[in-house]
Amino acid sequence: MRILLVEDEPDAAAQLARGLRDRAYAVDIAADGNAAVEKAYVNSYDLILLDLMLPGKDGMAVCREIRGAGSAVPILMLTARGDTASRIHGLDAGADDYLAKPFDLDELLARMRALLRRAPVLRQTVLRVDDLEIDTHSHVVTRGGRVIALTGKEYALLEYLAGREGAVVGREEISEHVWDEAYDPFSNLIEVYMQRLRKKVDGEGAARLLHTRRGEGYRLAREEEGGD
Ligand code: CA
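Residues numbered from 1 in each chain as written. Predicted model: local features only at pLDDT ≥ 70, side-chain atom pairs only at ≥ 80, totals over all residues. Heavy atoms only, no water.

### Notes on the coordination of the calcium ion
Coordination angles at a metal have ideal targets, namely 109.5 degrees for four tetrahedral donors and 90 or 180 degrees for six octahedral donors. D8 (OD), D51 (OD) and M53 (O) make up the full set of protein donors to the calcium ion, lying at 2.1 to 2.3 Å. Binding-site remark: the calcium ion is held by donors from one chain whose sequence spacing is D-x42-D-x1-M. Here M53 lies in the loop between β3 (47-51) and α3 (59-68) and D8 lies in the loop between β1 (2-6) and α1 (10-22), a separation of 45 residues in the sequence. Taking relative accessible area as the criterion, D8 reaches 26% and is therefore assigned partly exposed. The exposure class assigned to M53 is partly exposed, which follows from its relative accessible area of 46%. (Donors = N, O, S within 2.8 Å, 3.2 Å for Na, K, Ca; no water. Helix = DSSP H or I, 4+ residues; strand = E, 2+ residues; numbered from the N terminus. Buried < 20%, exposed > 50% of the residue type's maximum accessible area, 1.4 Å probe, protein only.)

Here it is as structure tokens:
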């Protein structure tokens, strides 16, 4: 899942981004309102964490602009203000939820998961494909009851494919939702990670769940239909 973090204080932004990346999220940072709107237009975010107090264009204006452009991306507003008036304004401006600073990272992560579950990608906490189980809360992945140890990025890629179970997911879509803006479209990182995932998820003796459609992308499903 790819997150846009809009926060003007560099230390706070870096600390929060680190916490989110530790939880396998891809994170882009925007330090002001104009950069936030621009990035939201250019990239496909799964969720936006939006600080209310920003230099220049504030969080309310950013929220209204993003909604005005027709985007339904989940927006969670972060602010020092805990009062009812700004909470109502934030929700009226199109935010989906609101969290007052200082907040606990675990609470933020729980609110994020709740918002992400509203999207078609992640409806359930535990995703199941055949005997593969992905717990999107604990990030524990098992196949046939056996725990599979994955790195954060391997986990993020598998979770994304599982959320699109049965669909062919192209490289561009994967790079947009699993990697951040530092991703080099000419690299073979996705192939490398797919190979690693195959080794871990589709080990010896197990039925193949990860499929490649040449020239199209990848598919996580119980059986392949006409691919390799
Ligand atoms: Ca701020």
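Next comes the rest of the write-up.
### Some thoughts on the domain arrangement of the chain
Under the domain assignment, the chain is made up of domain 1 (2-117) and domain 2 (126-220). A straight line from the C-alpha centre of domain 1 to that of domain 2 covers 27 Å. At the interface, twelve residues of domain 1 touch 14 residues of domain 2. In this assembly, domain 1 packs against domain 2 so that about 1100 Å² is buried in total across both faces, 40% of it on carbon and sulfur atoms. If you look at where domain 1 meets domain 2, you find one salt bridge. The closest approach of N and O atoms between K39 and E181, which form a salt bridge, is 2.7 Å. (Domains from an automatic or database assignment. Contact = heavy atoms within 4.5 Å. Buried area = accessible area lost by both parts, 1.4 Å probe. Salt bridge = Lys/Arg side-chain N within 4 Å of Asp/Glu carboxyl O.)

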